[in-house]
Amino acid sequence: MNVMKPANILIYTDGACSGNPGPGGYGSIVITNFEKVTELGQYFIQTTNNRMELQAVLSALQFCIENLESVQTLQIFTDSVYVIRGATEWLFGWKKRSWKTAGGKDVTNQDLWQQMDQLLYQITLRYKIKIKWSFIRGHKGIPGNERCDEIGVAFSKKNLIELFSGLAKDYFFDVSVLPIEESLPEMKPLGGGKASSTESGHQKQTWYLSLINNKVAKYTTWKDCEAAVKGRPGVKFKKVTSADEEQSLLKSWGKN
């Protein structure tokens with residue numbers, strides 16, 4: 001577990017939506033110098049889960065700009081692959097193409113992404129603040145994520161919930177203990193199955209092949225492939241995204 005240096009800001013975010021689209025809400029936690037904690041949240045009558053994930057981050061960033069001084073770095077913990085990939089990989093291309101995807105379609109949630117673009121410009125270029133995006137998995141017992149989920153769900157259902165604003169020593173959990181970051185996974189397609197999502201908005205099918213004891217096996221998820229090859233010496237494995245790529249890989253392994 002890691003502990004951030006003083007003068008940094010730690011942010012947890014999560015979004016919730018009933019029906020997707022439907023009533024929604026978000027929850028955010030802003031931790032200042034490990035001394036002060038501020039919770040944020042809001043209800044939306046008609047929205048989507050991705051919009052709430054975005055809104056959670058936007059609200060936290062806006063709060064930082066308006067209320068905090070002497071910020072050196074921001075670390076954002078979110079379970080949304082969509083938000084992280086959009087902010088770090090896709091945003092520049094969208095903006096360059098006048099908010100169109102590589103396929104020529106309008107960018108989904110363009111209004112919120114434009115807000116994100118403006119906030120990131122202010123934070124990173126005007127105020128020279130570094131942002132670290134950290135992926136964590138939701139519903140894994142991480143206190144910051146669980147609390148944001150609790151806030152977001154409560155707002156989505158219009159349930160009464162009290163937002164904390166006060167000293168970190170009085171908060172629900174020890175804010176100095178940070179969760180373990182995970183590598184950013186591929187996005188899940190809307191209709192199920194294994195897929196990676198590109199900034200163009202198209203879904204690319206993926207699967208995995210392994211060569212164990214000179215026998216080829218195919219897996220639909222990395223989890224299954226990893227379980228088969230982990231700890232076994234001399235095995236080969238790789239992700240593929242098309243039949244041609246699969247045939248090329250099998251040929252390189254000496255298989256038809």
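Refer to the structure above for everything that follows.
Residues numbered from 1 in each chain as written. Predicted model: local features only at pLDDT ≥ 70, side-chain atom pairs only at ≥ 80, totals over all residues. Heavy atoms only, no water.

Caption draft 1: Up close: the sheet that holds strand E1 (residues 9-17). Strand order in this open sheet of 6 strands is E5-E4-E1-E2-E3-E6, and the pairing throughout is mixed. For this open sheet the edge positions go to strand E5 (130-135) and strand E6 (165-167), each flanked by a neighbour on one side alone. Recorded for the sheet is a direction-independent mean angle of 20° between the axes of neighbouring strands. Of the strands in this sheet, E1, strand E2 (22-32), strand E3 (36-47), strand E4 (73-78) and E5 touch helix H1 (residues 49-67), which is tilted by about 150° from E1. Contacts from helix H4 (residues 143-156) reach E1, E2 and E3, with the element oriented near 145° to E2. (Pairing = 2+ DSSP bridges. Helix = DSSP H or I, 4+ residues; strand = E, 2+ residues; numbered from the N terminus. Axes fitted to C-alpha atoms, helices over the stretch in contact; angles between N-to-C directions. Contact = heavy atoms within 4.5 Å.)

Caption draft 2: The pattern of salt bridges, seen in detail. Inspection of every chain in the model, using the stated rule, returns 10 salt bridges. Between Glu 39 and Arg 147 there is a salt bridge, with the nearest N and O atoms lying 2.8 Å from each other. On the criterion of sequence distance, the pair formed by Glu 39 in strand E3 and Arg 147 in helix H4 is long-range, its members being 108 residues apart. A relative accessible area of 4% places Glu 39 in the buried class. Salt-bridge contacts for Arg 147 lead to Glu 150; the nearest nitrogen and oxygen are separated by 3.0 Å. Of this pair, Arg 147 and Glu 150 are both found in helix H4, 3 residues apart, which corresponds to roughly one turn of the helix. Classification of Arg 147 as buried rests on a relative accessible area of 8%. Glu 150 sits in the partly exposed class, given a relative accessible area of 42%. Through salt bridges with shared partners, a single network forms among Glu 39, Arg 147 and Glu 150. (Salt bridge = Lys/Arg side-chain N within 4 Å of Asp/Glu carboxyl O. Buried < 20%, exposed > 50% of the residue type's maximum accessible area, 1.4 Å probe, protein only.)

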